Amino acid sequence: MNDIASSSFVRRDLLAERPAPVKTTGFVGLMRTRLFNSPTNILLTVLGALLLWFTIVPSVRFLMVDAVWSGKDRAACLTENVGFAVGACWPYIQAKLPQLIYGFYPEAERWRVNLTFVLAVVLLVPLLVPRLPAKGLNASLFFVAFPVVAFFLLHGGGIKGFGLSWTAGLLELFDDSIIGAGQALLDLSKTSAVGPLLWVVGNFVVLIGTAIHWLILPLTWLRDQIQAAGQSVWADFAVTAVIVSLIAFGLGGGLRTGWRALASSIVAFVAIAAVIKLMGLDSGGLPVVATNLWGGLLVTLVVSVTGIVTSLPIGIALALGRRSTIPLIRIFSIAFIEFWRGVPLITVLFFATYMLPLFLPGNFTVDGLVRALIGIALFTGAYQAENVRGGLAAIQRGQGEAAAALGLSWWKTTSLIVLPQALRHVIPNLVNSFISLFKDTSLVSIVALFDLLGSLRASFSDPKWSTPSTAFTGFAFAGIIYFIFCFGMSRYSLFVEHRLNAHRRN
């Protein structure tokens, strides 16, 4: 015991103070470990600081410090009147803001544009918030009902029929085009060296058109009877509702399980009838506003949203078709993708605006904005097809083999297992294409459609606001608008990507 006590040691003097540990957290730690931890990083930090100083500071000075915030004409933004070097001329933006948003849309009808924007926000926000319920109903309203309502709100006009008349008209137009092609071949056979062959082919085509005519004759007869009886819209609506509801009832399982599909169909048609009556579509609807009066942010959003919504389904279909085992579908998909990817967007817009009408029947016309929308949707769909194909290639074969072992069909395997994983892999690529499309909408000004930048350039011609800083102010304002939308899409894509890749987090 004494040995243990004698061998114990008790320190009587304090140890010398050691230097404080190097701080690795906070702003000082960031500067020490990331910005000034090596000669290379020191040089890059200094260069970055100089770049920010010579870009951010002048921008803030131009947009806020030296800016003019009130005035009625160009005199408020002239240096000799203000007494200092004038920056941004914000009174110009305040005066031209309606033109930058609505274009030349009639002032008395601009409430329709505002209502369309409100409906879009009300339907879109619940889709973007994951925790909100009823995503299926919300998606149906936004992707199906809203485009139709927005069209009649923005364009105006009414309807002269419904599903029955529209179907009969399309089939009749298709039949007339076939018979017209056959007649053209017969006329060409009279002067061509291969006249007998063209005569046989022409008669065969005319025979096909005649057979189609007799097949659709009951449908066209019923349409003519409804239109001759008066109240054609509601009679056509009732017949269409009955036919579609019966089809939904039969496909839903008939007397056993078809009642739910029948009830859903009836509710949908009741809602459609309410919209028709509320908007007065059966009696001419709202005043028609031609699309050549649309402009500004309205055209930018219409073109970009339509292109984004329609290009993704087209891209998915083409990507699946390119991987198909059926040669005809695969060759068509490859040819379609390579053709549209090899043509500049400007050429597509010119072709859709000026060449497409030459290939349509004489009694069939398509609005100029609609032609541009079709061209942009097909062009963007080809690029989206390659993005989706990259995601499909990243899925291991074992996924499909496991689904086949469980007895799932090709459709269920693709829609429930393969495609969701593929789209999750290519979210950055898809959103990158969406952002690029949103900025490429400025190209529609080449075909006489005034988007945001087109309306901005048109406003420069007003001598009332002709100042040295007018153009810089306008482009700065347009750049801020583009940045808000593009940055919002980018941040939301990161949120979706982080949420869907929860299984990969450490």
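What counts as what
Residues numbered from 1 in each chain as written. Predicted model: local features only at pLDDT ≥ 70, side-chain atom pairs only at ≥ 80, totals over all residues. Heavy atoms only, no water. Helix = DSSP H or I, 4+ residues; strand = E, 2+ residues; numbered from the N terminus. Contact = heavy atoms within 4.5 Å. Disulfide = S-S within 2.5 Å. Buried < 20%, exposed > 50% of the residue type's maximum accessible area, 1.4 Å probe, protein only. Salt bridge = Lys/Arg side-chain N within 4 Å of Asp/Glu carboxyl O.

Visitor: Go over the side chain of Ser-469 with me, naming the residues and quoting the values.
Guide: Along the chain, Ser-469 falls in the loop between helix H20 (452-459) and helix H21 (470-500). Apart from residues no more than four positions distant in its own chain, Ser-469 is found in contact with Phe-62, Val-86, Gly-87 and Cys-89.

Visitor: I'd love a proper account of the state of the cysteines, names of residues and values included.
Guide: A covalent bond between the sulfur atoms of two cysteines is referred to as a disulfide. Counted under the stated rule, the structure contains one disulfide. A sulfur-sulfur distance of 1.9 Å marks the disulfide that ties Cys-77 to Cys-89. Of note, the bridge from Cys-77 to Cys-89 carries an S-S torsion of about 70° and is right-handed in sense. Of this pair, Cys-77 sits in the loop between helix H3 (39-65) and helix H4 (79-82) while Cys-89 sits in the loop between H4 and helix H5 (90-102); the two residues are 12 residues apart in sequence, bridging distant segments of the chain. Under the relative-accessibility criterion, Cys-89 is labelled buried at 0%.

Visitor: Outline the pattern of salt bridges, listing residues and values.
Guide: In total, this model carries 12 salt bridges according to the counting rule given. A salt bridge links Glu-338 to Arg-322; the shortest N-O distance between them is 3.3 Å. One end of the pair, Glu-338, is in helix H14 (residues 327-341); the other, Arg-322, is in helix H13 (residues 297-322), with 16 residues separating them in the sequence. A relative accessible area of 18% means that Arg-322 is categorised as buried. Of the charged contacts in the structure, one is a salt bridge between Glu-338 and Arg-341, with a shortest N-O distance of 3.8 Å. Placement of both Glu-338 and Arg-341 in helix H14 is noted, with a separation of three residues, approximately one turn of the helix. What makes Glu-338 partly exposed here is its relative accessible area of 39%. Through salt bridges that share partners, Arg-322, Glu-338, Arg-341, Glu-386 and Arg-389 make up one connected network.

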